[in-house]
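Next come the chains, spelled out residue by residue.
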Number of protein chains: 2
Amino acid sequence: MPVEAKVDIGARSATPPLTERQEARRRRILHASAQLASRGGFDAVQMREVAESSQVALGTLYRYFPSKVHLLVATMQDQLEHMHGTLRKKPPAGETASERVAETLMRAFRALQREPHLADAMVRALTFADRSVSPEVDQVSRQTTAIILDAMGLTDPTSAQLSAVRVIEHTWHSALITWLSGRASIAQVKIDIETVCRLIDLTEPDAKQERKK
Amino acid sequence: MPVEAKVDIGARSATPPLTERQEARRRRILHASAQLASRGGFDAVQMREVAESSQVALGTLYRYFPSKVHLLVATMQDQLEHMHGTLRKKPPAGETASERVAETLMRAFRALQREPHLADAMVRALTFADRSVSPEVDQVSRQTTAIILDAMGLTDPTSAQLSAVRVIEHTWHSALITWLSGRASIAQVKIDIETVCRLIDLTEPDAKQERKK
DNA sequence: ATCAAGTCTGAAACTTGTTCTAGATTAGCG
DNA sequence: CGCTAATCTAGAACAAGTTTCAGACTTGAT
């Protein structure tokens with residue numbers, strides 16, 4: 001285990017510490033949200049039902065999560081953390097960085113496949129989020145970046161590599177959407193992921209590595 | 001086999017021909033939609049307002065466009081067609097295919113910048129669309145593909161090239177979203193587009209590689 | 001223990017997308 | 001022209017996200 005884990009994601013930056021009961025409420029809400037989402041996707045996550053199902057008043061739900069989109073993005077943060085942990089346990093076996101990234105993403109993809117409704121709810125919320133949710137969405141993006149960099153085995157990426165990772169994330173999100181809305185097959189998603197991952201190779205053999213500031 | 005399957009995109013496949021007045025209504029609706037969207041984005045396009053503003057009853061609006069998302073995706077089709085025409089008039093000047101595609105997309109991007117609220121409404125609708133809107137979304141996707149292939153100067157792309165184009169589209173949509181929600185700067189979008197466009201070079205080994213040094 | 005400030009609850013109200021209904025209008029046709 | 005089916009209109013009604021509010025409950029500091 002890393003001795004002094006860094007990161008301390010800054011997500012809880014301006015958040016006053018929650019009491020135990022508040023933490024419990026928050027967990028109940030997220031759990032109810034994920035459960036309803038697993039049933040019927042975005043539409044099935046109805047705020048009244050989430051409130052009832054987590055034994056919290058509607059007003060309280062809105063105090064914890066100021067909108068349905070906030071709630072679902074928080075749910076995604078939660079799931080992503082979990083997934084990052086899982087993925088870490090079995091690091092990908094590919095030879096090249098691009099292979100490992102593609103493998104990792106496809107593994108994540110298969111996990112989402114197991115709960116397609118949940119995936120639907122989270123991804124739709126993510127892309128539908130407006131500016132008021134930017135900090136939370138950014139947090140999800142950072143987490144995704146961390147997963148990809150992990151798979152690449154990098155601690156100190158060049159800016160070219162960061163660009164490639166950004167594009168991979170774009171492709172990942174958008175491919176997910178096309179799959180969720182039934183416009184692309186799983187095979188197609190796989191091809192797209194593999195295609196975009198080739199970008200990584202373009203950043204490797206290059207002799208000249210710029211020094212990161 | 002289609003002889004020269006040109007346009008006639010099949011969008012109007014099962015659509016009985018509209019009378020003149022109906023065509024006029026449809027235009028009024030799309031116009032009102034674009035106008036409201038230009039003002040305040042997705043949220044400002046309120047179905048009651050669209051109806052009133054296009055002098056049509058609410059029920060009629062819903063007969064023409066079965067949901068707000070359908071309406072906005074149709075609005076996007078409309079705008080895309082227009083943009084394709086515009087872009088065609090001034091073909092991009094780059095040497096390589098990837099340069100031309102990047103240039104074309106950035107040009108399109110600058111056009112969207114001029115109406116950021118409209119862009120917001122259209123893109124949010126596009127990514128929020130569920131299965132019931134798939135045909136229309138697909139149509140938008142085909143139109144986008146056509147624009148990119150046009151910029152590449154290709155008439156019959158290889159499957160590797162089609163994959164690259166798909167990934168470019170993914171990146172384009174997702175980058176647009178991050179920009180619209182204020183999480184990426186225009187400069188960042190430019191970098192992402194240029195990065196992904198390099199994929200095109202990978203599909204043309206015999207084309208002259210530029211030696212930039 | 002007590003009090004003020006902050007939090008939670010339950011319920012109603014408000015907003016906007018969507019559906020439904022009954023009657024008026026229009027289009028196509030003999 | 002007159003008939004019939006389809007379409008259009010105005011408006012009410014419904015659904016789900018969001019806001020509001022009065023009163024009950026916690027919490028933290030004295």
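Please refer to the structure higher up on the page.
As a starting point, this report considers the structure included with it. Within every chain, residues take consecutive numbers counted from 1 along the sequence as written. Written order decides the labels, with chains lettered from A and ligands numbered from 1. Owing to the predicted nature of the model, reporting of local features is limited to residues with pLDDT of at least 70; listing and counting of side-chain atom pairs is limited to 80 or more, with chain, interface and lining totals taken over all residues. Side-chain measures here rest on the full set of heavy atoms in the structure, leaving out hydrogens and waters.

**Observations regarding the overall build of chain A**
- Think of it this way: any DSSP run of H or I at least four residues long counts as a helix, any run of E at least two long counts as a strand, and we number them from the N terminus. Secondary structure summary: chain A contains 9 helices and 0 strands in total.
- Secondary structure elements of chain A occur, N-terminal to C-terminal, as α-α-α-α-α-α-α-α-α.
- Buried residues are those whose accessible area, probed at 1.4 Å on protein chains only, stays under 20% of the maximum for their type, while exposed residues exceed 50% and partly exposed ones sit between those limits. Burial analysis of chain A (213 residues in total) assigns 48% to the buried set.
- It only takes one pair of heavy atoms within 4.5 Å for two residues to be counted as in contact. Here the contacts in chain A between residues at least 6 apart in sequence split such that 72% fall between residues at least 24 apart.
- Note on areas: Shrake-Rupley with a 1.4 Å probe; residue coverage comes only from the protein chains shown. Accessible surface, chain A: about 11600 Å² in total, of which carbon and sulfur atoms supply 52%.

**Some remarks on the interface of chain A and chain B**
- Each partner contributes to the interface: chain A provides 33 residues, whereas chain B provides 33 residues.
- Interface area, chain A with chain B, both sides summed: about 3000 Å², of which 58% is carbon and sulfur.
- Of all residues in chain A, Phe128, His170 and Arg183 of chain A give up the largest surface area on contact with chain B, accounting jointly for 21% of the area buried on that side.
- One side-chain nitrogen of Lys or Arg within 4 Å of one carboxyl oxygen of Asp or Glu is enough to make a salt bridge. Put simply, chain A and chain B have 4 salt bridges between them.
- With its nearest N and O atoms 3.6 Å apart, the salt bridge here joins aspartate 138 of chain A to arginine 183 of chain B.
- N or O atoms closer than or at 3.5 Å make up a polar contact, with two conditions inside protein: a donor-capable atom paired with an acceptor-capable one, and, for residues adjacent in sequence, both atoms drawn from side chains. The interface formed by chain A and chain B contains 14 residue pairs in polar contact (both at pLDDT 80 or more).
- Of all the elements in the fold, those that place two or more residues in the side of chain A that touches chain B are helix H6 (116–128), helix H7 (134–152), helix H8 (159–180) and helix H9 (186–203) of chain A.
- Think of it as three bins: nonpolar holds Ala, Val, Leu, Ile, Met, Phe, Trp, Tyr, Cys and Pro, charged holds Asp, Glu, Lys and Arg, and polar takes everything else, Gly as well. For the side of chain A that touches chain B, the per-class residue count stands at 14 nonpolar, 11 polar and 8 charged. Put simply, buried area is the surface a 1.4 Å probe can reach on two separate parts but cannot reach once they are joined, added for both.

**As for the relation of the copies chain A and chain B**
- Of the transformation placing chain A onto chain B, the axial shift is 0.0 Å and the rotation is 180°, giving an RMSD of 0.1 Å. Read as a symmetry element, the transformation amounts to a two-fold axis. Relative to the rotation axis, the closest C-alpha in chain A is found at threonine 171 of chain A, a distance of 2.7 Å.
- Of the interface residues in chain A, 100% have counterparts in chain B that sit at the interface too, so the contact is made through matching surfaces. Superposition of the copies was done by least squares, using only C-alpha atoms of residues whose pLDDT is at least 70 in both.

**Some details on the protein's contact with DNA strand D**
- Nearness here has a simple test: a residue counts as near a molecule or strand if at least one of its heavy atoms is within 4 Å of that partner. Near DNA strand D lie 18 residues; those nearest to it are Arg48 and Lys68 of chain A together with Arg25, Thr60 and Tyr64 of chain B.
- Those atoms of DNA strand D that come within 4 Å of the protein belong to sugar or phosphate at a rate of 64%.
- Between DNA strand D and arginine 48 of chain A there is a distance of 2.5 Å, counted from a base nitrogen to a side-chain nitrogen or oxygen.
- Between DNA strand D and arginine 63 of chain B, the relevant distance is 3.3 Å, taken from a phosphate oxygen to a side-chain nitrogen or oxygen of the residue.
- Broken down by secondary-structure element, the contributors of at least two residues to the surface near DNA strand D are helix H2 (47–53) and helix H3 (58–64) of chain A together with helix H1 (20–44) and helix H3 (58–64) of chain B.
- Classifying every residue of the surface near DNA strand D by side-chain character gives 7 nonpolar, 5 polar and 6 charged.

**Some details on the packing of aromatic side chains**
- Aromatic pairing here means that ring centres of Phe, Tyr or Trp (its six-membered ring) are within 6.5 Å. Orientation follows from the plane angle: under 30 degrees is stacked, over 60 is edge-to-face, and everything else is tilted. According to the stated counting rule, one finds 7 aromatic pairs over all chains in the structure shown.
- With a centroid separation of 5.3 Å and an interplanar angle of 80°, the aromatic rings of phenylalanine 42 of chain A and phenylalanine 128 of chain B are classed as edge-to-face. Here phenylalanine 42 of chain A, found in helix H1 (residues 20–44), pairs with phenylalanine 128 of chain B, found in helix H6 (residues 116–128), and the two come from separate chains. The two residues phenylalanine 42 of chain A and phenylalanine 128 of chain B agree in class, both being buried.
- The interplanar angle of 75° and the centroid separation of 6.4 Å between the aromatic rings of phenylalanine 109 of chain A and tryptophan 172 of chain A together place this pair among those described as edge-to-face. Of this pair, phenylalanine 109 of chain A sits in helix H5 (residues 97–114) while tryptophan 172 of chain A sits in helix H8; the two residues are 63 residues apart in sequence, bridging distant segments of the chain. Each member of the pair phenylalanine 109 of chain A and tryptophan 172 of chain A is classed as buried.
- One aromatic cluster is present, formed by Phe42 and Phe128 of chain A together with Phe42 and Phe128 of chain B through successive ring pairs.
- Over the ring of phenylalanine 128 of chain B we find arginine 124 of chain A; its NZ or CZ atom is 4.7 Å from the centre of that ring. Two thresholds decide whether a charge sits over a ring: the Lys NZ or Arg CZ must be within 6 Å of the ring centre and within 35 degrees of the ring normal.

**Regarding the protein's contact with DNA strand C**
- Close to DNA strand C lie 18 residues, the nearest being Arg25, Thr60 and Arg63 of chain A together with Arg48 and Lys68 of chain B.
- For DNA strand C, the backbone makes up 63% of the atoms found within 4 Å of the protein, where backbone means sugar plus phosphate.
- Alanine 57 of chain A places a polar main-chain atom, nitrogen or oxygen, 3.0 Å from a phosphate oxygen of DNA strand C.
- The separation between a base nitrogen of DNA strand C and a polar side-chain atom of arginine 48 of chain B is 2.5 Å.
- For the surface near DNA strand C, the secondary structure elements donating two or more residues are H1 and H3 of chain A together with helix H2 (47–53) and H3 of chain B.
- Among the elements that take part in the surface near DNA strand C, H3 of chain A stands out by supplying 3 residues, more than any other.
- Here the residues of the surface near DNA strand C are counted per class, giving 7 nonpolar, 5 polar and 6 charged.

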